[in-house]
Amino acid sequence: MRRLLTTIAHFAPLVPYPYQGETVACDLCGGHERVTVCGTDRRLTPLRTVACRSCGLVRTDPMPREDELKEYYARGYRFDYQFAGRRPPRFHRVRAQREAAARLASLAPVLWPGARVLDFGSGSGEFLAAA
C-alpha cells in the first residue's frame, strides 16, 4: 500500500516529495545555522532549500535519509524530472548526448589528455561518458 501511495504521489502536482528526511549539520563545515533560500523546487513541489550561514553551502533541508533516496531514485526520479519510467526516453537521451557534445567542445581548449572532470548533477551521465 505504501509503495502504491508513493507512486501516486509522483503523479500529483504540488504534492510534497514522499519522504520525512532529517535535519543534519552542514556537510561542508558542520555548521547548524541556516537560512531558507526557497520553499519549492523548479516545479513548485514543496522542497526547502537552505544555505549554511557559516560557509554558504546550499542544500535540501530536511535531507532525505539513505533509504528514502534509494526508494525515490528507484520509483520517482525519472518521472519527476523526465516524465519517464525506469529509463530516460529516447528523445531525452539524444538531446542530452547532443548537449554533452556541445559542452565538451566548448571545454576542449582547456582540457588536456588525462584531465579529470567533476560534473555536478550529472543526470544520466551523458557528459561524463563523452568526456
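Asker: Could you give an account of the overall build of the protein chain, with specific residues and numbers?
Answerer: When its secondary structure is counted, the protein chain shows five helices and three strands. Mapped in sequence order, the helices and strands of the protein chain form the string α-β-β-β-α-α-α-α. Scored against the burial criterion, the 131 residues of the protein chain give a buried share of 25%. As displayed, the protein chain has an accessible area near 9400 Å², and 58% of this comes from carbon and sulfur atoms.

Asker: Quick rundown of a nonpolar patch on the surface? Include the residues and the values.
Answerer: A contiguous nonpolar patch, built from Leu 107, Val 110, Leu 111, Val 117 and Leu 128 and spanning about 360 Å² of accessible area, is present on the exposed surface. Within the fold, Leu 128 resides in helix H5 (residues 126-130). On the basis of relative accessibility, which here comes to 40%, the residue Leu 128 falls in the partly exposed class.

Asker: Any chance you could break down the pattern of salt bridges for me, citing the residues and the numbers?
Answerer: In a structure, side chains of opposite charge can pair up when their charged atoms sit close to one another. Counted by the stated rule, this structure contains five salt bridges. With a shortest N-O distance of 3.3 Å, Arg 65 and Asp 67 are connected by a salt bridge. For Asp 67, a relative accessible area of 46% translates into the label partly exposed. Close ionic contact of Glu 99 with Arg 95 constitutes a salt bridge, the shortest N to O distance being 3.8 Å. With Glu 99 and Arg 95 both in helix H4 (residues 90-107), this residue pair falls four residues apart, about one helical turn. The class of Arg 95 is partly exposed, set by a relative accessible area of 33%. Sharing partners across several salt bridges, the network here consists of Arg 34, Arg 48 and Asp 61.

Asker: Quick one: what's the story with the pairing of strand E1 (residues 34-40), residue by residue and with numbers?
Answerer: Where E1 and strand E2 (residues 46-52) come together, five bridges link them in antiparallel fashion. If you follow Arg 34 over to E2, its bridge partner there is Cys 52. In textbook terms, the turn of a hairpin is the stretch between consecutive antiparallel strands, and for E1 and E2 this stretch comprises five residues, one of which, Leu 44, has a positive phi near 65°.

Asker: Could you give an account of unusual backbone geometry, naming the residues involved and the relevant values?
Answerer: Backbone torsion omega between Asp 61 and Pro 62 reads 5°, so that peptide bond is classified as cis. Turning to its location among the elements, Pro 62 is positioned in the loop between strand E3 (58-60) and helix H2 (66-75).

Asker: Explain the pairing of E2 to me, using residue names and the numbers behind them.
Answerer: Within E2, five of the seven residues are buried, which leaves it mostly tucked inside the rest of the structure. Taking the residues that link successive antiparallel strands as the turn, the E2-E3 hairpin has five residues, and the phi of Gly 56 there is positive, at about 90°.

What counts and what doesn't
Residues numbered from 1 in each chain as written. Predicted model: local features only at pLDDT ≥ 70, side-chain atom pairs only at ≥ 80, totals over all residues. Heavy atoms only, no water. Helix = DSSP H or I, 4+ residues; strand = E, 2+ residues; numbered from the N terminus. Buried < 20%, exposed > 50% of the residue type's maximum accessible area, 1.4 Å probe, protein only. Areas by Shrake-Rupley, 256 points an atom, 1.4 Å probe, with all protein chains shown as cover. Patch = residues over 30% accessible without salt bridge, like charges linked within 9 Å, V, L, I, M, F, W, Y side chains within 5 Å. Salt bridge = Lys/Arg side-chain N within 4 Å of Asp/Glu carboxyl O. Pairing = 2+ DSSP bridges.

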